[in-house]
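# Observations on chain architecture
Each chain, letter by letter, is given below.
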Amino acid sequence: PVSVLSVEPSAKSPTLPLYGFVESPGTADMIAAVTGDVLAVNVSEGDTVEQGQVLISIDDVDLKLAVQDREADLGDIQARLKMEQQQYKSDRVALEHEKNLLELSRENLKRAEKLYKKSLGSEKALDDARTAYERQSLSLNTRNLSVNNHGARLAQLQAQKQRAESALQRARRDFDRAQVKAPFAGRVSSVKIARGDRVVPGTPLITVYDQNRLEVRSQIPVRYLEQIRSMLAAGRSIVSQAVVDGFEVDLKLDRLSGEASRGTAGLPGLFTVTAGNSDLVLGRFINFSVKLPAASGVVELPYEALYGSNKVYLLVDGVMKPLIVERVGEIKQPGGTSAVLVRSDQLKEGDEVITTQVTNAIDGRKVKLAKPAAGESK
């Protein structure tokens, strides 16, 4: 004995049942940027934090000393720059005096040579005048070289100043990094260190995720991808609502993933959590469904009528006749149960689909209609 359902193909909007896990693209895995001992861990796993809140404090004594050293280095360079400017001004003034002294030495040498030629001056006096002239000429060249090299010395000192300023900025940045702060408002998902731990650059510290950027990653079967892509391309919103631990969560399909998982058919869809995100945590499992565009010529059947994934049996002249159908989706019925929507060009109005699972169902097997229970209509 079997039960049957007389079908009437019509247009219905199927729902696509999905499930997925909560994740967040706004997840920050924070690591230590300095070396030191952990002085305090101010939050625990699961705590909510505000942007800029101090999460972890690392001993900053050595970092503070490094800042002072870099400030001293910069101060030394700045003083040398000031001295160079003053020296340049002095050399410019002295250069004019050196030129005047060289001219005087030249005149004195000429007089000594004339006196020596007239036998009115000694050879020593001539040698002294020539030595004074050469010494003054050397002094002028030295002063002139000093003036000409001012630009090179200034560039060298300015380069040293720039390096000192960069070193100071790095030292101050490292000093600030001793206070590990939340990059955004969110929730702590894990804490990997404790007070007293010694950390070095690269040591994992804490993971924080942005609760305002939660998403649900759900695998969309391949047979629905064309519809989903068409809806997204047309700008149609694909939304859903789920109930998790008694609270409502609103979802909206934002995009399809750019990478398919190996060994699975379909493509992950990424649903943005638009409401209820404050009560969700990473990794939470969620069941939900999305409504697809209305499909024409579909028949609503109980799941018991389906054999395998795409076969039903019709009752024709007291025997079972198989029919391959296309599964369009499912639909929610009053009371919360689900039914499957199928479609076939060979499924006509008034056809009787067997809704009882028959053991060893085959083409041509004889069956009979079950008697309706008391109170039921035929």
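Below is a summary of the structure that appears in this document. (Residues numbered from 1 in each chain as written. Predicted model: local features only at pLDDT ≥ 70, side-chain atom pairs only at ≥ 80, totals over all residues. Heavy atoms only, no water.)

Below, the discussion takes up the overall build of the protein. For the protein, the helix and strand inventory stands at 4 helices and 22 strands. Taking the principal axes of its C-alpha atoms as reference, the protein extends roughly 160 × 50 × 30 Å. Residues counted as buried form 35% of the 378 residues belonging to the protein. Of the contacts made within the protein by residues no fewer than 6 positions apart, 75% connect residues no fewer than 24 positions apart. (Helix = DSSP H or I, 4+ residues; strand = E, 2+ residues; numbered from the N terminus. Buried < 20%, exposed > 50% of the residue type's maximum accessible area, 1.4 Å probe, protein only. Contact = heavy atoms within 4.5 Å.)

Here the focus is the nonpolar core. Grouped together as the largest cluster of nonpolar side chains are 27 residues, with contacts concentrated most on V216, I220, F271, L280, I286, F288 and V290. Counting residues per element, this core draws most heavily on strand β14 (residues 247–256), at 5 residues. Residues in contact with L280, not counting those within four places in the same chain, are V22, R187, Y209, Q211, L214, V244, F247, V249, V273 and I286. (Core = buried A, V, L, I, M, F, W, Y, C linked by side-chain atoms within 4.5 Å.)

Helix length check: helix α3 (residues 150–177) (28 residues) gives 40 Å between terminal C-alpha atoms against 40 Å at 1.5 Å per residue, within 8%. On its buried face, α3 is in contact with α1 (61–117) and α2 (123–148). (Expected span 1.5 Å × (residues − 1).)

Next up on the list: the environment of N277. Within the secondary structure, N277 sits in the loop between β15 (267–275) and β16 (285–291). By relative accessible area, which is 17% here, N277 ends up buried. The sequence separation of N277 and S13 amounts to 264 residues, and the corresponding C-alpha distance is 28 Å. Every residue in contact with N277, bar those within four places of it in the chain, is listed here: Q211, N212 and L214.

Further remarks concern the environment of K124. Considering the arrangement of structural elements, one finds K124 in helix α2. Residue K124 is classed as exposed on the basis of its relative accessible area, which comes to 58%.

Read from one edge of the open sheet, 4 strands run β4-β11-β9-β6, paired in antiparallel fashion. Looking along the sheet, the strands with just one partner apiece sit at the ends: β4 (27–31) and β6 (48–49). In terms of strand pairing, β6 meets strand β9 (residues 186–191) through 2 bridges, oriented antiparallel. Bridge pairing links T48 to R187 in β9. (Pairing = 2+ DSSP bridges.)

Below, the discussion takes up α2. Compared with an ideal rise of 1.5 Å per residue, which puts 26 residues at 38 Å, α2 spans 37 Å between its outermost C-alpha atoms and is within 8% of the ideal. If you check which residues of α2 are buried, you get L126, A129, Y133, Q136, S137, L140 and V147. In the core, the buried residues of α2 are packed alongside α1 and α3.

Taken together, Y19, F21 and F285 make up a surface patch of nonpolar side chains, about 320 Å² in accessible area. Relative to the assigned elements, F285 resides in strand β16. On the accessibility criterion, F285 (35% relative accessible area) is partly exposed. (Patch = residues over 30% accessible without salt bridge, like charges linked within 9 Å, V, L, I, M, F, W, Y side chains within 5 Å. Areas by Shrake-Rupley, 256 points an atom, 1.4 Å probe, with all protein chains shown as cover. Salt bridge = Lys/Arg side-chain N within 4 Å of Asp/Glu carboxyl O.)

Examined bridge by bridge, strand β5 (residues 36–41) and strand β10 (residues 198–199) share 2 bridges and lie antiparallel to one another. Bridge assignment links G36 to a residue of β10, and that residue is V199.

Looking at the secondary structure, you find S24 in the loop between β3 (15–23) and β4. Overall, the relative accessible area of 11% leaves S24 in the buried class. If near-sequence neighbours (up to four positions away) are discounted, S24 is found in contact with Y209, D210, R213, L214 and L282.

This part covers the sheet that holds β5. On the basis of which strands lie adjacent, the open sheet formed by 4 strands has the order β8-β7-β5-β10 and antiparallel pairing. Among the strands making up the open sheet, the edge pair consists of β8 (179–181) and β10. Pairing of strand β7 (residues 54–58) with β8, which is carried by 3 bridges, proceeds in the antiparallel orientation. Within the sheet, the bridge partner assigned to S57 lies in β8 and is Q179.

Here the focus is the packing of α1 against α3. Relative placement of two packed helices is described by the angle separating their axes and the distance separating the axes. Packing of α1 against α3 brings their axes to within 9 Å, and their N-to-C directions diverge by 165°. In terms of orientation, α1 and α3 fall into the roughly antiparallel class. Relative to α3, the crossing made by α1 is left-handed. (Axes fitted to C-alpha atoms, helices over the stretch in contact; angles between N-to-C directions. Parallel < 35°, antiparallel > 145°, perpendicular 65-115°, else oblique. Left-handed = near helix turned anticlockwise from the far one by under 90°.)

For the structure shown, the criterion picks out 4 aromatic pairs. Look at Y19 and F285: their rings are 5.6 Å apart centre to centre, the planes differ by 35°, and that puts the pair in the tilted class. Residue Y19 is found in strand β3, and its partner F285 is found in strand β16; the two are separated by 266 residues along the sequence. With 5.0 Å between their ring centres and 75° between their planes, F271 and F288 make a pair best called edge-to-face. Taken as a pair, F271 in strand β15 and F288 in strand β16 lie far apart in primary sequence, 17 residues in all. In this structure, F271 and F288 share a single accessibility class: buried. (Phe/Tyr/Trp six-rings, centres within 6.5 Å; stacked < 30°, edge-to-face > 60°.)

With respect to the secondary-structure elements, H150 resides in helix α3. On the accessibility criterion, H150 (9% relative accessible area) is buried.

Turning to the packing of α2 against α3, a few remarks are in order. Orientation of α2 relative to α3, taken along the N-to-C sense of each, is 40°, at an axis distance of 4 Å. Overall, the two elements α2 and α3 adopt an arrangement that is oblique. Facing α2, whose interface residues are S146, V147 and N148, α3 presents H150, G151 and R153. Across the contact of α2 with α3, the residue classes break down as 1 nonpolar, 4 polar and 1 charged. (Nonpolar A, V, L, I, M, F, W, Y, C, P; charged D, E, K, R; others polar.)

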